[in-house]
Amino acid sequence: MEQLPTSPTAKPDAAKPPENVRLGILSMLLAMALMTIMNALAKILAESYPLGEVTFFRNLFALLPAVAMVAAAGGRSCLHTDHWQGHLWRAIVGLASMVLLFWAYHLMPLANAVAISYSAPLFLTALSVPLLGERVGAFRWGAVAVGFAGVLIMVQPGAGMLDRGSLVALTAAVCYALAMIAMRQLGRTEKPVTTVFYFTVVSTLLSALALPFAWTTPDGHALALMAGMGIAGGGAQYFSTRAYSLARAVVVGPFSYASLIYATILGWLVWGDVPAPHVIVGATVVIGSGLLILYRETRRAAASPSKVCTTPPGSGPIRTA
């Protein structure tokens, strides 16, 4: 994922536009479809091109929808920021998550990597205590414990411990949780489109640094796939952001789990991959714990509207959009 999207800054109820639940859900489903297409293209391209190059073109072409988002949000006025260090840190950890997740797609079946990425909200909850000073009650700690049990079911550590693909996917989830924490901190002052734009720009520049060390000139077909990957990623960011602006996180958040269904279908059609039973069971446990955390955080935010941040409660897979 990418990454997780951000939702518009909380406003008093009188200023909120009416909810459009149906359009919000459709926007989230479309965002997850685009994200799955992006991930599949990254997996295909990583078989023939260096990972750094794939990441660079993913970010470069994502600038097109990012610029469109800025134009739709009012142009240059929404790009003002006094928090360059926060944007740089968010870009660094977000880019690390993206690279690691693309690597995981290369190392293991698409659906398996997506399933393991569902652990990101669990890491987010755990890390929010020391890094954000948040208080996590017994209910949420219980959900986190159940979720990590689901992760263990999926990765099945044995005598040889975790395989490389699982380790890479789990590290990507930790990096994404750190990116979400940075997004929560930025969300206190920054508009969602501002964070999206600067993440895309900085990630493009940072990923370009790896090009002199590993480069394979893409042919026309590969360049078209790279363009499709970047545009799909940017489109996923746009529609997921739009989903959270149209309806509450507790309504549209659970639909982000549709990405596992999409990834399973696409993985079967393209690579013939079928998730093993233990992956399905583990993913179900993790998704259930994620929904509990989402429900709890949404109730907590509703009870303290003045403390609502501009990112929705952590749910769903990593979004590298």
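- Per an unreviewed UniProt entry, the protein goes by the name EamA family transporter and belongs to Azospirillum melinis.
- Its UniProt record gives the protein a comment under Subcellular location (unreviewed entry), which states: "Membrane".
- Regarding the protein, the UniProt comment filed under Sequence similarities (unreviewed entry) reads as follows: "Belongs to the drug/metabolite transporter (DMT) superfamily. 10 TMS drug/metabolite exporter (DME) (TC 2.A.7.3) family."

**Some remarks on the nonpolar core**
Moving on, step 1. M229 and L260 are the most contacted members of the largest nonpolar core, which totals 76 residues.
Moving on, step 2. Of all hydrophobic cores here, the second largest spans nine residues; its members include A66, V70, L79 and Y198.

**Description of the packing of helix α4 (residues 110-117) against helix α11 (residues 258-271)**
Moving on, step 1. Axis separation between α4 and α11 bottoms out at 8 Å; the angle between their running directions is 160 degrees. One finds that α4 runs roughly antiparallel with respect to α11. At the point where α4 passes α11, the crossing takes the right-handed sense. Facing α4, whose interface residues are L110, A111, V114 and A115, α11 presents S259, L260, A263, T264 and W271.
Moving on, step 2. Looking at the contact of α4 with α11 residue by residue, the class counts come to seven nonpolar, two polar and no charged.

**Digging into the packing of helix α1 (residues 21-45) against helix α9 (residues 220-246)**
Moving on, step 1. As a packed pair, α1 and α9 sit with axes 7 Å apart at the nearest point and diverge in direction by 155 degrees. When the axes of α1 and α9 are compared, the pair comes out roughly antiparallel. Two packed elements cross with a definite hand, and for α1 against α9 that hand is left-handed.
Moving on, step 2. In the contact of α1 with α9, the residues fall into 21 nonpolar, six polar and one charged.

The rules behind these values
Residues numbered from 1 in each chain as written. Predicted model: local features only at pLDDT ≥ 70, side-chain atom pairs only at ≥ 80, totals over all residues. Heavy atoms only, no water. UniProt positions renumbered as here; feature names shortened; annotations may be inferred. Core = buried A, V, L, I, M, F, W, Y, C linked by side-chain atoms within 4.5 Å. Buried < 20%, exposed > 50% of the residue type's maximum accessible area, 1.4 Å probe, protein only. Axes fitted to C-alpha atoms, helices over the stretch in contact; angles between N-to-C directions. Helix = DSSP H or I, 4+ residues; strand = E, 2+ residues; numbered from the N terminus. Parallel < 35°, antiparallel > 145°, perpendicular 65-115°, else oblique. Left-handed = near helix turned anticlockwise from the far one by under 90°. Contact = heavy atoms within 4.5 Å. Nonpolar A, V, L, I, M, F, W, Y, C, P; charged D, E, K, R; others polar.

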